[in-house]
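Remarks on the overall topology
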Amino acid sequence: MPLYEFYCSTCRKKIEELCGAGTESIRCPSCGEDAGKVFSTFRTGKGANGGGTASSGCGG
Ligand SMILES: [Zn+2]
């Protein structure tokens with residue numbers, strides 16, 4: 001079962017839920033408002049060394 005992260009703007013916190021890929025939003029267990037899915041961003045713009053080599057996958 002995939003684990004997805006949702007973010008409740010009302011509570012300002014993340015909620016981890018096990019759900020299917022088609023679920024775009026869940027109901028926040030704390031306040032009952034809709035919490036939208038958070039897309040994981042692995043690429044950060046920091047640490048640009050100016051190199052031309054693009055690393056793929058997980059680095060050790
Ligand atoms: Zn909430």
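Let me begin by describing the structure that accompanies this report. (Residues numbered from 1 in each chain as written. Predicted model: local features only at pLDDT ≥ 70, side-chain atom pairs only at ≥ 80, totals over all residues.)

What about the overall build of the protein?
Counting secondary structure elements, the protein contains zero helices and four strands. In the protein, of all internal contacts separated by at least 6 residues, the share reaching a separation of at least 24 is 24%. (Helix = DSSP H or I, 4+ residues; strand = E, 2+ residues; numbered from the N terminus. Contact = placed C-beta atoms within 7 Å.)

Remarks on the pairing of strand 1 (residues 3–8)
In the sheet, strand 1 pairs with strand 2 (residues 13–18) via six bridges, with the strands oriented antiparallel. By the bridge assignment, Glu-5 is partnered in strand 2 with Glu-16. The turn linking strand 1 back onto strand 2 is made up of four residues, and Arg-12 within it adopts a positive phi angle of 55°. (Pairing = 2+ DSSP bridges.)

Overview of the environment of Gly-32
One can find Gly-32 in the loop between strand 3 (25–27) and strand 4 (34–38). On the basis of neighbour counts, which here come to 10 C-beta atoms within 10 Å, the residue Gly-32 falls in the exposed class. On a C-alpha basis, the gap between Gly-32 and Thr-10 in space is 9.4 Å, while along the polypeptide they are 22 residues apart. (Buried ≥ 20, exposed ≤ 12 C-beta atoms within 10 Å, placed from the backbone.)

Considering the sheet that holds strand 2
Strand order in the open sheet formed by four strands is 2-1-4-3, and the pairing between neighbours is antiparallel. Sheet topology places strand 2 and strand 3 at the edges, where each strand pairs with a single neighbour. For this sheet the average axis-to-axis angle between neighbouring strands, irrespective of direction, equals 40°. Judged from the three bridges that link them, strand 3 and strand 4 form a sheet pairing that is antiparallel. Along strand 4, the bridge assignment pairs Ser-25 with Gly-36. (Axes fitted to C-alpha atoms, helices over the stretch in contact; angles between N-to-C directions.)

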